[in-house]
Amino acid sequence: QVDLMESGGGSVHPGGSLTLSCAASGISFAGATMGWYRQAPGNQRRDMVASIKSGTTINYSDSVNGRFTISRDNAKNIVYLEMNDLKPEQPGVYHCTAHAWWGQGTQVTVSA
């Protein structure tokens, strides 16, 4: 089975920072495309935030480009999302992805 376990969520003030982690098991991590998706409060839509391929190709959504950084540690099977300058309009549950698999998500709240 594939397990994706997110951690690192919490509550911050606008402009604050959080670093999310996703520990993966049950997959060949080094060859997997990993990503982070945000599910906004009150709906089921999940929008891509950032992704990183096995060859280190990285893609960010326009809303977070320049503020968020995705990285991976293949030795530990962990993908990270460093979030800086969080905006009040961008809270939600952040889900880790590996190929077509989804983690349960970690909650991020931005409270003014």
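Residues numbered from 1 in each chain as written. Predicted model: local features only at pLDDT ≥ 70, side-chain atom pairs only at ≥ 80, totals over all residues. Heavy atoms only, no water.

Engineer: Got a minute to help me understand the sheet that holds strand β7 (residues 68–73) in this structure?
Structural biologist: Strand pairing in a sheet relies on backbone hydrogen bonds. The paired strands run either parallel or antiparallel. Reading across from one edge, β1-β3-β8-β7 is the order of the four strands in this open sheet, with antiparallel pairing throughout. With one partner strand each, in any of the chains shown, β1 (3–7) and β7 form the two edges of the open sheet. Here the average twist between neighbouring strands, direction ignored, is 15°. Pairing analysis gives six bridges linking strand β3 (residues 18–25) to strand β8 (residues 78–83), with the strands arranged antiparallel. Counted as the bridge partner of Cys22 is Val79 from β8. (Pairing = 2+ DSSP bridges. Helix = DSSP H or I, 4+ residues; strand = E, 2+ residues; numbered from the N terminus. Axes fitted to C-alpha atoms, helices over the stretch in contact; angles between N-to-C directions.)

Engineer: Teacher, can you tell me more about the nonpolar core here?
Structural biologist: Side chains of a nonpolar character, in soluble globular proteins, are inclined to be buried together. Formed by 27 residues in total, the largest nonpolar core has its most connected members in Met34, Trp36, Val79, Leu81, Met83 and Tyr94. If you list the elements that add at least two residues to this core, you get β3, β4 (34–39), β5 (46–52), β7, β8, β9 (92–98) and β11 (106–110). Broken down by element, this core gets its largest block of residues, four residues, from β3. (Core = buried A, V, L, I, M, F, W, Y, C linked by side-chain atoms within 4.5 Å. Buried < 20%, exposed > 50% of the residue type's maximum accessible area, 1.4 Å probe, protein only.)

Engineer: Explain the pattern of salt bridges to me, please; I cannot follow it from the model alone.
Structural biologist: Any two side chains of opposite charge can pair, on the condition that their charged atoms come close. Per the counting criterion, the structure on display carries one salt bridge. Across the salt bridge formed by Lys87 and Asp85, the nearest N and O atoms sit 3.0 Å from each other. For Lys87, a relative accessible area of 28% corresponds to the partly exposed category. Looking at Asp85, the relative accessible area reads 32%, which means it is partly exposed. (Salt bridge = Lys/Arg side-chain N within 4 Å of Asp/Glu carboxyl O.)

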